[in-house]
Amino acid sequence: MIHLDCTIMGQSYRLACREGEERTLREAVHYLDGKMCALRDSGKVRGTDRIAVMAALSVAAEFLSVKSPEGPLAGMSVLEVKQKLEAMHTVLDAALAPRENPA
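Counting restarts for each chain, with residues numbered from 1 along the sequence as it is written. Whole-chain, interface and lining totals are the exception, using all residues; otherwise, since this is a predicted model, local features are given only for residues with pLDDT of at least 70 and side-chain atom pairs are given and counted only at 80 or more. Values shown for side chains rest on all heavy atoms present in the structure; no hydrogens or waters enter the calculation.

S.K.: Just to check I follow, could you spell out the nonpolar core for this structure?
M.R.: Soluble, globular proteins show a tendency: their nonpolar side chains are buried together. By nonpolar core we mean a set of buried residues, namely Ala, Val, Leu, Ile, Met, Phe, Trp, Tyr and Cys, connected to one another through side-chain atoms within 4.5 Å. Partly exposed describes any residue whose relative accessible area lies between the buried limit of under 20% and the exposed limit of over 50%, with all areas from a 1.4 Å probe on protein chains only and scaled to the type maximum. Among the nonpolar cores identified, the biggest contains 12 residues, and these are L4, C6, I8, M9, C17, L25, V29, M36, C37, V45, I51 and A55. Of all the secondary structure elements, the ones that give two or more residues to this core are β1 (2–8), α1 (22–42) and α2 (48–66). For this analysis, residues touch if any pair of their heavy atoms sits within 4.5 Å. Filtering out sequence-adjacent residues up to four positions away, V29 remains in contact with C6, T7, I8 and L15. Helix and strand definitions follow DSSP, with helices as H or I runs of at least four residues and strands as E runs of at least two, each counted in order from the N terminus.

Okay, structure coming up:
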């Protein structure tokens, strides 16, 4: 396990993750921090606990809206989907590189 020091809405946290998942965790922290700060800055929600719950509900709703029980991503974890997307980007970059730099 690897430990990362992160900040969410000005509060420091020491989080653990598996080796190789640091980037994903940092991106998740950044995303959550953005959601929570936006809620706080809107002035509509007060209290860190309420902001955290509202942000969690927002993220859960986003996740459920894109996760389908049927289809090519069914049964896959978010990390697996992310890895599949990164692999597709690699293939696309390799395919498009010759077109961008014609000989």
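That shown, we press on.
S.K.: Just to check I follow, could you spell out the environment of R14 for this structure?
M.R.: Summarising the element assignment, R14 is placed in strand β2 (residues 11–17). What makes R14 exposed here is its relative accessible area of 55%. In sequence terms R14 and H3 are 11 residues apart; their C-alpha atoms lie 6.3 Å from each other. For the purposes of these results, a polar contact is taken to be a pair of N or O atoms within 3.5 Å, where, inside protein, one atom must be able to donate a hydrogen and its partner to accept one; residues adjacent in sequence count only when each atom of the pair is a side-chain atom. A polar side-chain atom of R14 sits 3.0 Å from a polar atom in the side chain of D5.

S.K.: Looking at this model, I keep getting lost on a nonpolar patch on the surface. Mind explaining?
M.R.: A surface patch of nonpolar side chains, amounting to about 280 Å² of accessible area, comprises V53, M54 and L57. With respect to the helices and strands, V53 occurs in helix α2. Its relative accessible area of 48% is what places V53 among the partly exposed residues. Each patch is assembled from residues with relative accessible area greater than 30% and no salt bridge, linking like charges that lie within 9 Å and nonpolar side chains (Val, Leu, Ile, Met, Phe, Trp, Tyr) that lie within 5 Å. Using a 1.4 Å probe, accessible areas were evaluated by the Shrake-Rupley method; residue-level cover was limited to the displayed protein chains. Any carboxyl oxygen of Asp or Glu within 4 Å of a side-chain nitrogen of Lys or Arg constitutes a salt bridge here.

S.K.: Which parts of the structure should I look at to understand unusual backbone geometry?
M.R.: Of note, the phi angle at M9 is positive, near 50 degrees, even though the residue is not glycine. With respect to the helices and strands, the residue M9 is situated in the loop between β1 and β2. Since its relative accessible area comes to 16%, M9 is described here as buried.

S.K.: How should I be thinking about the pattern of salt bridges in this particular structure?
M.R.: A pair can form between side chains of opposite charge whenever their charged atoms are brought close. In this structure the tally under the stated criterion is 4 salt bridges. Between D5 and R14 there is a salt bridge, and its shortest N-O distance comes to 3.0 Å. A residue is classified by how much of its surface remains accessible, and D5, at 55% relative accessible area, is exposed.

S.K.: So what exactly am I meant to see when it comes to the pairing of β1 here?
M.R.: Each regular strand displays side chains that alternate between the two surfaces of the sheet. At least two DSSP bridges between two strands are needed for those strands to be called paired. As paired elements, β1 and β2 share 7 bridges and run antiparallel to each other. Following the sheet pairing, C6 is matched in β2 by Y13. Once β1 ends, the chain turns through 2 residues before running back antiparallel as β2, passing M9 with a positive phi of about 50 degrees.

S.K.: So what exactly am I meant to see when it comes to α1 here?
M.R.: Along an α-helix, residues three or four positions apart point the same way, because every turn accommodates 3.6 residues. For a helix, the expected span equals 1.5 Å multiplied by the number of residues minus one. Between its terminal C-alpha atoms α1 stretches 30 Å, which fits the 30 Å expected from 21 residues at 1.5 Å a residue. Buried within α1 are the following residues: L25, V29, M36 and C37. Looking straight down α1, one finds its buried side chains confined to an arc of 100 degrees; they lie on one side. Exposed and oriented more than 90 degrees from the buried face of α1 are R23, H30 and D41. Directly beyond the C-terminal end of α1, a positive phi value near 75 degrees is found at G43. An arc is given here, and it is the one of the directions from the helix axis to the C-beta atoms.

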